[in-house]
Structures are given as structure tokens and as C-alpha cells.
Amino acid sequence: MRHRHLSTLTLALGIAVLLDVLRVWLPSVITLFGRAAETPAELLGAFALGWFLLALAAPTLVRRVGAAPVGLVAAGVLAAARLALTAQPGGPAQLWLACAGLFAGLVWLAAVAASVPRPVAGLALGLAGNAVGHALLGTEDLVWRGGVLAWSLSALLVSAFLAASVAVRRDRAAARVRGDAVRTAAPAADVADADAGRRAPIPGRRAWLLCGPALLLAGQVALAPALWSAAAGTGSPDFPGLARPGNGALPGALAVLLFLSAALFRAPARLARVLWPLALLAGPVLFVTGLLVPAYLLTAAGLGGCLALTDAIGDGQAAADERGAAADRSAAEERGAADDRAAGDAAGHGDDGWAGARRGRAAVLGMLVFAVTTVAYYAAYDLGYPNGWAPVATAVLVALVAATAPLRPGPTPSGAASAGPALPATVRVAALAGLTALAGLAAALHVPPALARATTTPTAVRVAAYNIRMGFGLDGRLDVDAVARELRGADVVLLSEVDRGWWLNGGHDTLALVAGRLGMPYVFAPAADPVWGDAVLSRFPMRSGQTRRLTAHGAPTGAQVLGVTLDLGGRELAVVATHLQPPPGRDPVEQAGEVAAFAGRYANGRPLVLGGDLNTEPDDPAFAEFTRSGLVDALAAARPLRTSPADDPRAQIDHVFVSPVLTADEVRAPRTEASDHLPVTLTVTLP
């Protein structure tokens, strides 16, 4: 296990484990601590940021106790929390396990940063590897799956991470023993050099500072498999939002290829410090405007290139790295490198020295940037301010840090720790080719259900309307199977609060997961941002679609209305799905009027079904806007039909309206805690 690139492997595995914990921690904060917007946004934000602020003490702990023991204990806690989450505990146990895993991960990062001055290769491989694994699982992580496969793969990942961490610890302990003589014989000149080193640039500090922002940009845009999937249904002017099989295979794999190529293979320095920051800045801007494919491709290339800029080394060291990549060093060279590291410890630049503490502090500050930007982006949906600046500002920070990095570092003080060797070219090429191929395979494995073929004209259509809360039940667990069970048997499904890649929810494509279990093609319409909105699923052929943004009228979260035309064996049925967003303390009467007007124009005399989470009661003015337009309350015979909250229904806010020529019966709102709403199901009889 003792190898000069073992620290890179350990870092990559640790980043993958930490990302798995983050994919549970983020939605747990919202659904369990936040209780789906019941907790004040300020309190929720303080709870989330508190863990990152607490971790600011980690670099001091590392310097006083030592990076190796602190890192090993933190790695053990992180691994244990990750494995325990595979049991899908739900509820408070899930929240506190995820918090423990997150805090341990932050401490582990600070400890690793103290002893790894060149983290770019490990960071890049960890980010890309986790994204590819996420894609191979169809964006439904192992922690939400359970079963033999989930436990086996989780145990394998955690065991590899712990084994690598222990091996690194032993390697450094052996190096420290061999370095005792070096410390004893260190001349006074070396001490002077060490003092001078405190004034020199610290190798790796910029790269570690970008760790947190890189996690955000990768998870939200560049390396987000759910975003790759969502982008496959965009760019069709005749039918926006319709997912067609095969649309997303190449771009997702290309994003991995661009990211790793830019991160692991250096472009000419003067060109790179202009090209990569510009690409990175363009990507988030395009993401905010909804141009998803160029957004994640440019962000992937720019992010990888900017990370590489912070890993810049002098020409002489680069040549030595390339020569060292041709073959492993001999045992004598390994011992010499270990002695150099030990001498660096004596000069104050080792894993528990001054320079290491500065790198650890940079890593934790970078993760604090990650937390602040994440909270700022998603708090906008409660507080009502524009949030598109958040990923753009993160990209600006990364671009500035990368563009101002020195092309060559200053002279290394005598006795200081070496920056460490670059990965051999063969390893980089193999990692690039392997992960790119796996990303392409993932897209081929998870394709949208094929569009339905025309059938004989049915006499009745089974309709379901459901606010699925991004697939998270009241226990805080992502349970797509539970959502699908409530929708089985429906011919047409209208979904609200559909998530296709929100990083806050773990980056899942909930729509594709639900549609895959039901075997139903789907149409998606963005509302709050490009990957959150409403959808229609249908067993009948979908011939055309149209979507329109609704005016906010003071509501903090965006809303839209989606119209889809279904072919019922030669006859057509218009279906309209929406999710009204009321302004604080008011009824969404203005949006209801917009939706009713859109539905009348879109149906154009055809039979119409309109439904969704309308956030209005039957006696409210917004409800009257639909009946005033000539639509009939399809749930009238079953009222009162309370649908929210799911564990104690008190409000009737999920509705279905139909044209007067249609009749509705078999109306139900089955009890379930797969979401915070109950689904509404009914049978619509055709004239």
C-alpha cells in the first residue's frame, strides 16, 4: 500500500465519501430540521452554517495534535456515518448521523490539507468519480437504496477509504522515524530558511481554498448527472420539456472528459489563465438562463482548468514529474523522499507545521464559501430575492483565484516539503478514459421510457395529481418507490414540486426515477429555476406541449403552467398542470386567473383536465377563478377532501378541474406519508 501517489487516491476516495454524506445532509436539513419551510429560513440557515463555522477550529486542532492522528480519527467517523446512513434510518437519527459525518468530513479535509500541498488530482478524481457513480445509479444514491447491492458497494467504498487512510498514516509514521536524524542534524541555516519560508507563498493553499467552491459548481452544474438528464428534454421548440430516449448520452460523458482533461493535463499557462476563467464564468450564466447543455459543458471545462492553474509548478519540477511518471522510483528514492518530508516537518512545513495549518484553514474557509453560497441560493425561495448571482459569484471567485495564481512558484526554502510528484501520464490517461466511458454507459443504462403509440379510443381515463415534495417523505428519506406506488394504475399523472437536479436535495432526477418505475413518458416544465417545476406523465401519445411562466405577484418562488395534448386514439384531450405560488399571507388569485385564461386558450374547445397543487381552498377567490372560467370541480362529490399536511390533513389545496363535457367519479385521496401532501386520484369519463 506504500506508494508515492497513495495520498492522491486517499483524497479522491474521501471526497467521494464526503459527497455521499452531503447528498443526505443537505435534504435532511430542509425536510427534517426545516420541516419543508415551517422552520424560519434564518434559523435553518444558522443551523446549516453553524457546522462549517465550528469546523474553523479544526486547523488549530490539527497543528496541536498532528494531522495524522486527527485525520485518521476523522476519517473513521466519516466512514462510520456514511455506512450507518445506508440503513436509511430517517427522522432525527438520519439528520444527526449526517451532521456527524459532515463535521468529521470537514475536520478530515483540514487534516489532509496540512500534509498534501498538491490536491488537484485527488480533488478532480474524487469529484468526477462520485459524479460517474451517481450517474450509474440513475442519480438514486446507495444510501437511499438499501439492500444487498447498496450495503456491499457502500462497505467496499468505505473499506477502501479507511485502508488507504491507514496506509498513508503508516507511511508518514515511518518517514517521521527516519527523519529523526535529519531533525537532529539540521543546521542553523535551515532554520533561517524555514523562517524565510513563512514569508513565501504556501504551496497548495489556493487549490485547497477552491475545494468548497469546486464542490458547489460541480454538484450544481458541471458534474450533475441529473442536470445531464434534464437537459435531454430541452431545446425542442415544437415540444419543450419532452424527454426523448438517447438525447443525453454524449453530452454527459463529454462533461467528464472536459473536466478531467483540463484538470489533469496542463494547457500552455498564459493561454490557460485566460481561457479557463472565461469558460467558467460563461457556464453558470448560461445555467441561470436555462441553456443547460452548454452551461454544464463550459462549467466542466472551466472548473477543471481553473483547478489546474492553482497546481502550477516550475518547468524544472514539471520535467522531473514527467520523468518520474515513466516508472516508480526505487526504494532508495522513496526513502529519500520520506526523509525530505521529515526534514520539512522540522522546518515547520510538514503535516503539523505552520504551512500545513494555513492550507487546512484555506480548505475549511473554502467549504464555508460552499455553505454560504448554497444557503444563499436556496433561501431565495423563502425570502424572495434573485438568486442567479450565487453560482455566478462562486464562478467569479474561482476564476479570480485561478487567474492570479503564479505561473511558477517562488524558490522553495531549504528543507521545506516537496510539492509532491504529479500523477504518471499513464494513470491520468487511464482515469480519463475509464471515467468517461462509464459516464457514457450510465446514460445508455438510464433512458426515458419510449413514447406511447396510438391506441383505440378509451371510454375513461384514470388521472392522478400529486405534489411529491421532490420525492422526500415525511421521514426525510428519498423514497421513489413509495411515490410510484401511489401513482400506479393512473393513465395521466400531474406532478408538482418535481426536482431534476437541485443540489440542495442531493442532485437527484426525481422525475426520471418516478417515470422509470411507472414506465411512463414525461414532459417537464421548469418553474423556480431550470431544474425544478411541474410535469405530466401519460400512457397515451403526447402530440404537443406548451409552457408559460406565471407572474410572481409577490410570491418568492417562481411558477408556470404546462399544457400537453394527448392522443386518445384519434380524439384529443388537453391536460394542464400547474403549482400556484401564493404571496405571503395572500391567495394566489392573480396566478389562478392567468392559468384559467391559458387553459381556455390551449384547450381551444377540446376536453380539458387541469390540476395540481393550487394552494387555495374551495371557498377562496383563487378557486373561484377556475369555476368562473367554465371549469367544473372534479372533486366536488368527495369534499371535504383534505390533502395537506399528509400526516394530519387539514387543508384542501390540491385540486382537479375538468370541462363540463367530462364527468368524474371514483375520487380518492389515499393516506400516505411519501410526501407532505396526499395524492388525488379520480376517473374521468369521456363523452
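Parameters at a glance
- Residues numbered from 1 in each chain as written.
- Predicted model: local features only at pLDDT ≥ 70, side-chain atom pairs only at ≥ 80, totals over all residues.
- Heavy atoms only, no water.
- Helix = DSSP H or I, 4+ residues; strand = E, 2+ residues; numbered from the N terminus.
- Buried < 20%, exposed > 50% of the residue type's maximum accessible area, 1.4 Å probe, protein only.
- Contact = heavy atoms within 4.5 Å.
- Areas by Shrake-Rupley, 256 points an atom, 1.4 Å probe, with all protein chains shown as cover.
- Expected span 1.5 Å × (residues − 1).
- Pairing = 2+ DSSP bridges.
- Axes fitted to C-alpha atoms, helices over the stretch in contact; angles between N-to-C directions.
- Patch = residues over 30% accessible without salt bridge, like charges linked within 9 Å, V, L, I, M, F, W, Y side chains within 5 Å.
- Salt bridge = Lys/Arg side-chain N within 4 Å of Asp/Glu carboxyl O.
- Phe/Tyr/Trp six-rings, centres within 6.5 Å; stacked < 30°, edge-to-face > 60°.
- Left-handed = near helix turned anticlockwise from the far one by under 90°.
- Nonpolar A, V, L, I, M, F, W, Y, C, P; charged D, E, K, R; others polar.
- Polar contact = N/O pair within 3.5 Å; in protein donor to acceptor, adjacent residues only side chain to side chain.
- Core = buried A, V, L, I, M, F, W, Y, C linked by side-chain atoms within 4.5 Å.
- pLDDT = per-residue confidence, 0-100.
- Parallel < 35°, antiparallel > 145°, perpendicular 65-115°, else oblique.

Trainee: Which residues make up the overall build of the protein chain, and what values do they have?
Mentor: Tallying secondary structure elements over the protein chain gives 25 helices and twelve strands in all. Residue burial in the protein chain is summarised as follows: out of 687 residues, 58% are buried. Expressed as a percentage of contacts within the protein chain between residues at least 6 apart in sequence, the contacts between residues at least 24 apart total 80%. By element, 62% of the accessible surface of the protein chain is carried by carbon and sulfur atoms, the whole surface being about 24,900 Å².

Trainee: I'd like a rundown of helix 24 (residues 589–603), residues and numbers included.
Mentor: End to end, helix 24 covers 21 Å across 15 residues, agreeing with the expected 21 Å (1.5 Å per residue, within 8%). Next to the buried residues of helix 24 lie strand 5 (542–550), strand 6 (559–568), strand 7 (571–579), strand 8 (608–613) and helix 25 (621–628). Downstream of helix 24 by a residue or two, Asn604 has a phi angle that is positive, lying close to 50 degrees.

Trainee: Could you give an account of the sheet that holds strand 12 (residues 680–685), with specific residues and numbers?
Mentor: Across a sheet, paired strands are connected by hydrogen bonds in the backbone, their directions being either parallel or antiparallel. On the basis of which strands lie adjacent, the open sheet formed by six strands has the order 3-4-2-1-12-11 and mixed pairing. Every interior strand has two partners, whereas the edge strands, strand 3 (522–529) and strand 11 (663–668), have only one. Neighbouring strand axes in the sheet, compared pairwise and without regard to direction, differ in orientation by 20 degrees on average. Of the strands in this sheet, strand 1 (460–467), strand 2 (492–499) and strand 12 touch helix 22 (residues 480–487), which is tilted by about 145 degrees from strand 1.

Trainee: Mind laying out a nonpolar patch on the surface, listing which residues take part and the relevant values?
Mentor: A surface patch of nonpolar side chains, amounting to about 230 Å² of accessible area, comprises Leu53, Leu56 and Leu365. Note that Leu53 resides in helix 2 (residues 41–54).

Trainee: Got a sec to walk through the packing of aromatic side chains? Specific residues and values, please.
Mentor: Here the structure, examined in full by the defined rule, presents 19 aromatic pairs. Relative to Trp96, the ring of Trp51 lies with its centre 6.3 Å away and its plane at 65 degrees, an arrangement referred to as edge-to-face. Note that Trp51 is positioned in helix 2 and Trp96 in helix 5 (residues 91–115), a separation of 45 residues in sequence. Consider the rings of Tyr381 and Trp502, whose centres lie 5.0 Å apart with planes at 20 degrees: the pair is stacked. With a gap of 121 residues between them, Tyr381 in helix 19 (residues 354–383) and Trp502 in the loop between strand 2 and helix 23 (510–518) connect regions that are remote in the sequence. Accessibility assignment for this pair places Tyr381 and Trp502 in one class, buried.

Trainee: Give a description of the packing of helix 1 (residues 6–33) against helix 2 that names residues and reports values.
Mentor: For the pair helix 1 and helix 2, the least separation of the axes is 10 Å and the interaxial angle reads 145 degrees. For helix 1 against helix 2, the interelement crossing comes out right-handed. Of the residues in helix 2, those touching helix 1 at Trp25, Val29, Ile30 and Phe33 are Leu43, Leu44, Phe47, Ala48, Trp51 and Phe52. Here the residues of the contact of helix 1 with helix 2 sort into ten nonpolar, no polar and no charged.

Trainee: Could you give an account of the side chain of Thr31, naming the residues involved and the relevant values?
Mentor: Considering the arrangement of structural elements, one finds Thr31 in helix 1. Within the structure, Thr31 has its side chain in polar contact with the backbone oxygen of Pro27 (distance 2.8 Å).

Trainee: I'd like a rundown of the nonpolar core, residues and numbers included.
Mentor: One finds Trp25, Trp208, Phe259, Leu260, Leu495 and Leu537 to be the most contacted residues of the largest nonpolar core, which totals 158 residues. Residue contributions to this core peak at 16 residues, all from helix 1. If we skip the residues at most four places from it in the chain, Trp208 touches Leu11, Leu109, Val112, Ala113, Val116, Pro119, Arg359, Ala362 and Ala363. In terms of nonpolar packing, the next biggest core, distinct from the first, is built from 32 residues, Phe239, Leu568, Ala577 and Val609 among them.

Trainee: Account for the pairing of strand 6, naming residues and giving values.
Mentor: With ten of ten residues buried, strand 6 is to be regarded as a mostly interior element. By the alternation rule, side chains of strand 6 split into Ala559, Val561, Gly563, Thr565 and Asp567 and Gln560, Leu562, Val564, Leu566 and Leu568, which are all buried. The pairing of strand 5 with strand 6 spans eight bridges and is classified as antiparallel. The residue of strand 6 that forms the bridge with Met542 is Leu566. Judged from the eight bridges that link them, strand 6 and strand 7 form a sheet pairing that is antiparallel. Within the sheet, the bridge partner assigned to Gly563 lies in strand 7 and is Val576. Hairpin remark: strand 6 followed by strand 7, antiparallel, with two residues in the connecting loop; positive phi at Gly569, about 65 degrees.

Trainee: Can you tell me about unusual backbone geometry, naming the residues and giving the values?
Mentor: The phi angle of most residues is negative, glycine excepted, and most peptide bonds adopt the trans form. The omega torsion across Arg639 and Pro640 is 5 degrees, close enough to zero to call that bond cis. Topologically, Pro640 is positioned in the loop between strand 9 (632–633) and strand 10 (654–658). Ser644 connects to Pro645 through a cis peptide bond whose omega is -10 degrees. The residue Pro645 is located in the loop between strand 9 and strand 10 in this model.

Trainee: Outline the pattern of salt bridges, supporting the account with residue identities and numerical values.
Mentor: Inspection of every chain in the model, using the stated rule, returns 17 salt bridges. Its salt-bridge partner being Asp509, residue Arg500 comes within 2.9 Å of it at the nearest N-O pair. Both residues of the pair, Arg500 and Asp509, count as buried. It is possible to trace a salt-bridge network through shared partners that takes in Glu140, Arg145, Asp481 and Arg517.

Trainee: Provide a residue-level description of the sheet that holds strand 6, including the pertinent values.
Mentor: Taken in spatial order, the six strands line up as 5-6-7-8-10-9 in an open sheet, and their pairing is mixed. Looking at strand neighbours, the two that pair on one side only are strand 5 and strand 9, the edges of this open sheet. Sheet topology note: the strand 8/strand 10 ladder contains five bridges and is antiparallel. From the neighbouring strand, Gly612 faces strand 10, where its bridge partner is His655. Sheet strands in contact with helix 25 are strand 8, strand 9 and strand 10, and its direction is about 15 degrees off that of strand 10.

Trainee: Requested: an account of the side chain of Gln581, with residues and values cited.
Mentor: Within the secondary structure layout, Gln581 lies in the loop between strand 7 and helix 24. Relative accessible area serves as the criterion here: at 11%, Gln581 is assigned to the buried category. Among the polar contacts listed, one links the side chain of Gln581 to the side chain of His579, at a separation of 3.3 Å. Contact partners of Gln581, with chain neighbours within four places excluded, come to Trp532, Ala555, Thr557, Gly558, Ala559, Pro588 and Gln591.

Trainee: Mind laying out the confidence of the model for the protein chain, listing which residues take part and the relevant values?
Mentor: On average, residues of the protein chain score 85 in pLDDT, and 85% of them are at 70 or above. Predicted confidence for residues 409–420 stays below pLDDT 50, and this span has 21 contacts to residues more than four positions away or in other chains.

Trainee: Please give an account of the packing of helix 12 (residues 211–222) against helix 19 that cites residues and values.
Mentor: Two elements in contact, helix 12 and helix 19, have axes whose closest approach is 6 Å; the angle formed by their N-to-C orientations is 40 degrees. When the axis of helix 12 is compared with that of helix 19, the two are oblique. Residue-level inspection shows Cys211, Gly212, Pro213, Leu215, Leu216 and Gln220 of helix 12 in contact with helix 19, the latter providing Gly366, Met367, Val369, Phe370, Thr373, Thr374, Tyr377 and Tyr378.

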